[in-house]
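# Residue-level structural notes
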Amino acid sequence: MAAASDPVELGAPWGPARPEPPPTRFHPVHGANIRVDPSGTRATRVESFAHGVCFSREPLAPGQVFLVEIEEKELGWCGHLRLGLTALDPASLSAVPEFSLPDLVSLGHTWVFAITRHHNRVPREGRPEAEALAPSCPPALLVEPHLCIEQFRIPRDRLVGRSRPGLYSHLLDQLYELNMLPPTARRSRLGVLFCPRPDGTADMHIVINGEDMGPSARGLPAAQPLYAVVDVFASTKSVRLVQVEYGLPSLQTLCRLVIQRSVVHRLAIDGLHLPKGLKDFCKYE
């Protein structure tokens with residue numbers, strides 16, 4: 001994998017000169033109330049509302065999205081999932097803090113935010129603060145196949161949440177695509193990544209259902225390994241990792257896109273003469 005300390009040419013695409021990073025997994029070090037499934041891709045808080053801090057198993061590569069989908073919610077708690085990055089090696093922690101905010105952040109070299117629709121976007125020096133707060137244009141989500149964040153282009157297909165197949169799934173899917181649902185709604189997809197800058201620092205970006213929320217933090221140490229932090233906190237009970245394709249899409253993905261564009265909505269896929277595994281892949285991923 002490309003280490004976080006490797007120099008990155010701005011605008012360099014994923015390809016032979018810059019291999020795609022391996023699939024993301026959760027770190028074996030995590031909060032006391034977290035259970036990670038054997039595949040390392042699903043994290044569930046089994047009790048209480050805290051001790052739910054998780055990390056990526058490996059440091060992220062520049063431009064690599066650590067993307068989670070909210071699988072289960074738990075009523076009765078106030079507060080939602082928290083997301084960010086840390087330069088602390090999880091294996092070096094004597095104990096995983098109870099909360100990411102403020103406990104983990106207070107250890108230093110950690111940048112974590114509670115997920116909300118409007119993050120505190122950090123303006124660059126010399127630019128008006130209003131620029132950092134300017135909303136993006138949701139309709140672009142429907143027409144632009146790639147999400148462009150600084151020097152990186154990321155296929156948007158996997159970044160957007162999708163409802164479970166049902167009677168109204170074709171309508172609900174449009175709400176995810178337009179990012180009109182609450183950001184921590186069930187099936188929402190939330191990601192974090194960092195983008196190196198020429199001065200040796202990096203910007204941290206948080207992505208909600210395919211929409212970049214803007215730089216949430218600046219001045220991160222790009223030369224140090226940066227791990228993703230996911231706090232499965234309060235009303236968020238379980239999350240699963242979603243893998244993102246950065247280079248050329250796989251044949252499986254291309255087939256899925258063709259099939260999805262050829263039907264009225266996902267329920268119609270059941271009527272196609274295709275193997276069940278392929279139909280399930282088209283409906284659920």
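Residues numbered from 1 in each chain as written. Predicted model: local features only at pLDDT ≥ 70, side-chain atom pairs only at ≥ 80, totals over all residues. Heavy atoms only, no water.

### Notes on the pattern of salt bridges
Quick reminder of the rule: The salt bridge definition used is simple: a Lys or Arg side-chain nitrogen within 4 Å of an Asp or Glu carboxyl oxygen. Comment: elements are numbered from the N terminus, with helices defined as DSSP H or I runs of at least four residues and strands as E runs of at least two. Each residue is assigned to one of three classes by its accessible area relative to the maximum for its type, calculated with a 1.4 Å probe on protein chains only: buried under 20%, partly exposed between the two thresholds, exposed over 50%.
The final tally for this structure, using the stated rule, is 9 salt bridges. For Arg-240, the salt bridge is made with Glu-69, and the minimal N-O distance between the two is 3.4 Å. You can see Arg-240 sitting in strand E13 (residues 236-242) and its partner Glu-69 sitting in strand E4 (residues 66-73), a full 171 residues away along the chain. Between Arg-197 and Glu-150 there is a salt bridge, with the nearest N and O atoms lying 3.3 Å from each other. Pair noted here: Arg-197 is in the loop between strand E9 (189-196) and strand E10 (201-208) and Glu-150 is in the loop between strand E7 (146-149) and strand E8 (152-155), with a separation of 47 residues, a long-range link. Residue classification places Arg-197 among the partly exposed residues on the basis of a relative accessible area of 29%. Of the residues examined, Glu-150 reaches a relative accessible area of 34% and is grouped as partly exposed. Each of Arg-42, Glu-69, Glu-71, Arg-187, Arg-189 and Arg-240 takes part in a single network of salt bridges with overlapping partners.

### A short note on the packing of aromatic side chains
The way to describe two aromatic rings as a pair is by their centre distance and the angle between their planes. Where we set the bar: Pairing of aromatic rings covers Phe, Tyr and Trp, the last through its six-membered ring, and needs centres within 6.5 Å; plane angles under 30 degrees mean stacked, over 60 mean edge-to-face, and all others mean tilted. The criterion is that NZ of a Lys, or CZ of an Arg, lies within 6 Å of the ring centre and within 35 degrees of the ring normal, and then a charge sits over that ring.
Inspection of every chain in the model, using the stated rule, returns 5 aromatic pairs. With centroids separated by 5.9 Å and ring planes inclined at 80°, the aromatic side chains of Phe-26 and Phe-66 adopt a geometry described as edge-to-face. Pair noted here: Phe-26 is in the segment before strand E1 (34-36) and Phe-66 is in strand E4, with a separation of 40 residues, a long-range link. Residues Phe-26 and Phe-66 agree in their burial class; the two are buried. Linked through ring pairs, Phe-49, Trp-77, Phe-99 and Phe-233 together constitute an aromatic cluster. When the ring centre of Phe-233 is taken as origin, the NZ or CZ atom of Arg-82, which lies over that ring, is 3.9 Å away.

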